[in-house]
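What follows is the residue order along each chain.
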Amino acid sequence: MASSFCSSISMQAPISAKTTRFSLQKPVSIFNNRKTNLSFSLHRRSMPARLAVSCAVKQETVEKVSEIVKKQLSLTDDQKVTAGTKFTELGADSLDTVEIVMGLEEEFGITMAEERAKEIATVQQAAELIEELVQEKTA
């Protein structure tokens, strides 16, 4: 069974006050010859450097997930929900999370296995799983 995962790596080291930014996006093989986009960025500041690694998902998917989360949790329009937002930070309990998953399944026409659905804690994780399941469905 093919699967993909995303992780974050943080590295800190003393550097000069010079600011340098770069970003690299390159398709890479992840299990079973599937392709995904990984993005790497290093932000230098007068403070320690930080390297962030994240899987690139469509912004449209993140926005749809955010809207569904806001609807399921009855959040107001002024409450910000971003890719890194944890459901628990919004006050969601396990029942709320089940309702969020049901809303996502309905919106995207997918079915999430219970084991995989339990692993979702953030909007980003939900968007990544959705895109993976949609890709599998259309393959």
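Keep in mind it's a predicted model, so treat the numbers as computed, not measured.

Some remarks on helix 2 (residues 94–108)
Counted at 1.5 Å a residue, the expected span for helix 2 with its 15 residues is 21 Å, and the 21 Å between its end C-alpha atoms agrees. Here the buried face of helix 2 lies against helix 1 (59–72), helix 3 (114–118) and helix 4 (123–138). The distance from a side-chain oxygen at the start of helix 2 to the backbone nitrogen of leucine 95 is 3.1 Å, and the residue carrying that oxygen is aspartate 93. Backbone geometry just after helix 2 places glycine 109 at a positive phi near 65°.

A few points about a nonpolar patch on the surface
On the surface, Leu95, Val98 and Met102 cluster together to form a nonpolar patch covering roughly 300 Å² of accessible area. Secondary-structure assignment places methionine 102 in helix 2.

So, the packing of helix 1 against helix 2
Between helix 1 and helix 2, the shortest axis-to-axis distance is 9 Å and the interhelical angle comes to 135°. Judged by the angle between their axes, helix 1 and helix 2 are oblique. Helix 1 and helix 2 meet at a crossing whose hand is right-handed. Residues Thr61, Lys64, Val65, Ile68, Val69 and Gln72 of helix 1 touch helix 2, and the partners they reach there are Glu99, Ile100, Gly103, Leu104, Glu107 and Phe108. Within the contact of helix 1 with helix 2, the residues separate by chemical class into six nonpolar, three polar and three charged.

Definitions and limits used
- Residues numbered from 1 in each chain as written.
- Predicted model: local features only at pLDDT ≥ 70, side-chain atom pairs only at ≥ 80, totals over all residues.
- Heavy atoms only, no water.
- Helix = DSSP H or I, 4+ residues; strand = E, 2+ residues; numbered from the N terminus.
- Expected span 1.5 Å × (residues − 1).
- Contact = heavy atoms within 4.5 Å.
- Polar contact = N/O pair within 3.5 Å; in protein donor to acceptor, adjacent residues only side chain to side chain.
- Patch = residues over 30% accessible without salt bridge, like charges linked within 9 Å, V, L, I, M, F, W, Y side chains within 5 Å.
- Areas by Shrake-Rupley, 256 points an atom, 1.4 Å probe, with all protein chains shown as cover.
- Salt bridge = Lys/Arg side-chain N within 4 Å of Asp/Glu carboxyl O.
- Axes fitted to C-alpha atoms, helices over the stretch in contact; angles between N-to-C directions.
- Parallel < 35°, antiparallel > 145°, perpendicular 65-115°, else oblique.
- Left-handed = near helix turned anticlockwise from the far one by under 90°.
- Nonpolar A, V, L, I, M, F, W, Y, C, P; charged D, E, K, R; others polar.

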